[in-house]
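Okay, here's what each chain looks like letter by letter:
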Amino acid sequence: TTPDHALEAAAYRAVGGKLLAPILPIWFDRCARYGKALRRWQRRPFHSARTGCRTNLRGPDVPPSTPLLDHWFSQGAARFDRVLEQAIAGGGRRPVRLVAAMRHAVLAGGKRLRPFLAIESARLLGLDEAVGTRTAAALECIHCYSLVHDDLPAMDDDDIRRGQPTVHRAYDEATAILAGDALLTLAFTLLAAPDQPASPAARARLIAALAEAAGID
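Engineer: Explain empty space enclosed by the protein to me, using residue names and the numbers behind them.
Structural biologist: Tallied over the full model, the rule gives one cavity of 30 Å³ or more. For the largest cavity, the calculated volume is near 110 Å³. In this structure, the largest cavity is lined by 13 residues; those nearest its centre are His104, Ala105, Asp151, Arg161 and Val167. With three residues, helix H7 (residues 129-150) is the single largest residue contributor to the lining of the largest cavity.

Engineer: Lay out the pattern of salt bridges in plain terms, naming residues and giving numbers.
Structural biologist: Counted according to the given criterion, the structure contains eight salt bridges. In this structure, the salt-bridge partner of Arg97 is Asp172, at a minimum N-O distance of 2.9 Å. With Arg97 in helix H5 (residues 96-106) and Asp172 in the loop between helix H8 (167-170) and helix H9 (173-192), this residue pair connects regions lying 75 residues apart in the sequence. For Arg97, a relative accessible area of 43% puts it in the partly exposed group. Of the residues examined, Asp172 reaches a relative accessible area of 27% and is grouped as partly exposed. Linking Arg161 and Asp151 is a salt bridge whose minimum nitrogen-to-oxygen distance equals 2.8 Å. With a gap of ten residues between them, Arg161 in strand E3 (residues 160-161) and Asp151 in the loop between H7 and E3 connect regions that are remote in the sequence. Relative accessible area serves as the criterion here: at 4%, Asp151 is assigned to the buried category. One salt-bridge network, held together by shared partners, links Asp81, Arg112 and Glu140.

Calculation rules
- Residues numbered from 1 in each chain as written.
- Predicted model: local features only at pLDDT ≥ 70, side-chain atom pairs only at ≥ 80, totals over all residues.
- Heavy atoms only, no water.
- 1 Å grid on protein atoms, 1.4 Å probe; cavity = no way out; pocket = protein on both sides within 12 Å on 5 of 7 lines; lining within 4 Å.
- Points joined across faces, edges and corners; volume = space filled by probe spheres on them.
- Helix = DSSP H or I, 4+ residues; strand = E, 2+ residues; numbered from the N terminus.
- Salt bridge = Lys/Arg side-chain N within 4 Å of Asp/Glu carboxyl O.
- Buried < 20%, exposed > 50% of the residue type's maximum accessible area, 1.4 Å probe, protein only.

Shown next, in the form of structure tokens:
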């Protein structure tokens, strides 16, 4: 499997409740008993499919003695939230109330395990970190959009999400619908953007995989 196709598979499996299904064969083998197996696995070098070299899967910013998930929860998730915040802000050109509702939906907490798996899968394949981060942001936008719409009065009619009022309660129903729609569209914008470091062919496959996984099928 090429890195581009494996990343496409990662994007497909990380949507619609399929998050904790292992993304790649190595995740199948190494994460059967998630805690201990992952800690053993993350300390081992990995042979990069792209560079042909053995590389440190943990990344340059993770101290050797720090479990990978612990580092994600203590630092990585917060850094990823800043990426999401920047993507939502859009340079200040967007309607203030709509952006606030999107921020409420996306930045209200959560473990960010989907982004963790997408980013670490990209690193495992020797891909540019920005590819994994951008793909992870797109996945999280899809996930949060689905929660906003699921919470609507016409759907589950939930008042609380992650310990806070749902978007339609914090704002109003129309704003919640628009915020969800905007997050759905933003996911594909992130993958299609010209500054996305993935190749055009890889971007097209990622967009197609995400559309199929998040769609009616």
